[in-house]
Amino acid sequence: MASNISLKQLKVFIAITQHDTLTAAAEALFLSKAAVSMALSELEKQIGHALFDRVNNRLILNQEGQKLLPLADELIERAHTIEQLFDNDQALSGQLRIGASDTIGNQVAPYLLSDFRRDTQHHAQSLLISNSALICEKLVDYELDLALIEGKTLHPQLISHPFSQDEMCVVCSPDSPLLAQPFGIGDLENSEWILREPGSGSREFFLRVVAPRIEHWHEAFQLNTTEALINSVSAGLGLACLSKLAAQPALNDGRVVELKLSLDMKRRYWLLVHKEKYQSPLLKTFINYCHQWRKDSPLKSQN
């Protein structure tokens with residue numbers, strides 16, 4: 001293999017893996033499509049292998065490309081560390097791309113990031129909030145540096161560590177007939193449920209912990225935001241199972257009421273990283289911060 005592979009070629013390679021087309025990669029890098037195409041063909045020529053399969057207009061990473069991706073990602077990260085090495089103004093440098101599933105992204109990450117910024121003076125973070133399945137996909141594709149999700153993943157390329165926990169709850173409308181009687185799990189027979197979309201940690205918890213205890217239940221609606229879920233329950237359209245942290249404001253306002261179930265409703269939060277991802281000083285610091293932060297995080301006072 002030729003020894004004159006450039007960082008520019010590796011940046012182009014990574015951009016194409018993230019955007020699938022030369023045009024989109026060129027836009028992301030502020031380069032011409034011709035320059036991106038040339039950098040890729042030079043890289044493939046030097047390596048002696050095609051790195052992508054050409055499918056219609058798209059470039060799909062092949063087996064050789066998958067071998068290169070973790071090393072290219074590491075070299076770009078290390079080059080950035082070298083650039084910042086003598087910048088004494090800031091101990092931690094670089095961009096941190098964080099993915100979070102819905103509950104963590106909305107209820108936990110804002111406080112975590114605020115504390116991290118205050119304690120480290122590092123302010124270059126981005127936060128993508130989506131369902132757990134999509135967040136894991138982006139982590140596998142090196143589009144995120146780490147993820148904080150509610151459901152455990154068994155993806156072979158990801159390492160997961162427990163990071164914190166919360167409690168789930170089942171809620172109904174204040175007018176629900178279930179509130180007019182002593183309540184037991186048997187009263188949930190033939191109930192209507194409002195669930196999050198497939199890939200959501202809340203949906204996975206309901207299907208794993210609550211649904212098996214009910215012989216007959218019906219999915220009335222599938223919604224992709226917690227706010228829509230709570231409003232639908234409040235309007236009497238069905239029951240929902242969601243994080244107590246997320247439900248707390250609506251419980252406090254009396255818009256929904258908790259139905260107490262004799263089940264273990266605790267759920268762990270997980271911190272995920274790609275097992276081949278180079279852990280820069282910034283990434284290591286943030287991971288350690290997350291593990292330390294959970295000890296006195298706002299979650300403790302709300303559980």
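Refer to the preceding data block for the structure.
Here we summarise the structure given alongside this text. Quantities reported herein were computed from a predicted structural model and do not represent experimental measurements. (Residues numbered from 1 in each chain as written. Predicted model: local features only at pLDDT ≥ 70, side-chain atom pairs only at ≥ 80, totals over all residues. Heavy atoms only, no water.)

Quick word on the side chain of Ser-200
Okay, step 1: With respect to the element layout, Ser-200 can be found in the loop between strand E7 (191–196) and helix H7 (201–210).
Okay, step 2: One polar contact links the side chain of Ser-200 to the main-chain amide nitrogen of Ser-202, over a distance of 3.2 Å. (Helix = DSSP H or I, 4+ residues; strand = E, 2+ residues; numbered from the N terminus. Polar contact = N/O pair within 3.5 Å; in protein donor to acceptor, adjacent residues only side chain to side chain.)

Remarks on the pattern of salt bridges
Okay, step 1: One pass over the structure, following the stated rule, counts 22 salt bridges.
Okay, step 2: Note that Asp-20 is salt-bridged to Arg-58, the shortest N-O span being 3.0 Å. With Asp-20 in the loop between helix H1 (7–19) and helix H2 (22–29) and Arg-58 in strand E2 (residues 58–61), this residue pair connects regions lying 38 residues apart in the sequence.
Okay, step 3: Here Arg-58 falls in the partly exposed class, since its relative accessible area comes to 41%.
Okay, step 4: The shortest N-O distance in the salt bridge between Arg-255 and Asp-253 comes to 3.9 Å.
Okay, step 5: Its relative accessible area of 56% is what places Asp-253 among the exposed residues.
Okay, step 6: Each of Asp-73, Glu-77, Arg-97, Asp-145 and Lys-277 takes part in a single network of salt bridges with overlapping partners. (Salt bridge = Lys/Arg side-chain N within 4 Å of Asp/Glu carboxyl O. Buried < 20%, exposed > 50% of the residue type's maximum accessible area, 1.4 Å probe, protein only.)

Some thoughts on the nonpolar core
Okay, step 1: One finds Leu-112, Leu-146, Leu-148, Phe-163, Leu-271 and Phe-286 to be the most contacted residues of the largest nonpolar core, which totals 23 residues.
Okay, step 2: Within the residue set of this core, elements represented by two or more residues are strand E3 (96–101), helix H5 (102–120), strand E5 (146–149), strand E11 (266–274) and helix H10 (281–293).
Okay, step 3: For this core, the element with the highest residue contribution is H10, accounting for seven residues.
Okay, step 4: Counting 21 residues, the second largest nonpolar core, distinct from the first, contains Val-12, Ala-25, Leu-69 and Tyr-142. (Core = buried A, V, L, I, M, F, W, Y, C linked by side-chain atoms within 4.5 Å.)

Some points on the environment of Ile-129
Okay, step 1: Following the sequence through the fold, Ile-129 ends up in strand E4 (residues 125–130).
Okay, step 2: Setting aside chain neighbours within four positions, we find Ile-129 in contact with Ala-100, Ser-101, Asp-102, Gly-105 and Asn-106. (Contact = heavy atoms within 4.5 Å.)

Notes on the packing of H2 against helix H3 (residues 33–47)
Okay, step 1: With their axes 8 Å apart at the nearest point, H2 and H3 run at an angle of 105 degrees to one another. As judged from the angle between their axes, H2 and H3 are roughly perpendicular. Residues Leu-22, Thr-23, Ala-25, Ala-26 and Leu-29 of H2 form the contact with H3, whose own contacting residues are Lys-33, Val-36, Ser-37 and Leu-40.
Okay, step 2: Within the contact of H2 with H3, the residues separate by chemical class into six nonpolar, two polar and one charged. (Axes fitted to C-alpha atoms, helices over the stretch in contact; angles between N-to-C directions. Parallel < 35°, antiparallel > 145°, perpendicular 65-115°, else oblique. Nonpolar A, V, L, I, M, F, W, Y, C, P; charged D, E, K, R; others polar.)

Looking at unusual backbone geometry
Peptide bonds are, in most cases, trans, and in most cases residues other than glycine have a negative phi.
Okay, step 1: We note that Asn-56 has phi near 55 degrees; this positive angle belongs to a residue other than glycine.
Okay, step 2: Positive phi outside glycine occurs at Asn-190, with the angle close to 60 degrees.
Okay, step 3: Following the sequence through the fold, Asn-190 ends up in the loop between strand E6 (158–172) and E7.

Focus: the state of the cysteines
Okay, step 1: Counting across every chain of the model gives zero disulfides.
Okay, step 2: Among the cysteines around Cys-136, which has no disulfide bond, Cys-290 carries the closest sulfur, lying 15 Å off.
Okay, step 3: We note that Cys-241 lacks a disulfide partner, and the nearest cysteine sulfur, in Cys-169, lies 7.3 Å from it.
Okay, step 4: When its relative accessible area of 3% is taken as the criterion, Cys-241 is described as buried. (Disulfide = S-S within 2.5 Å.)

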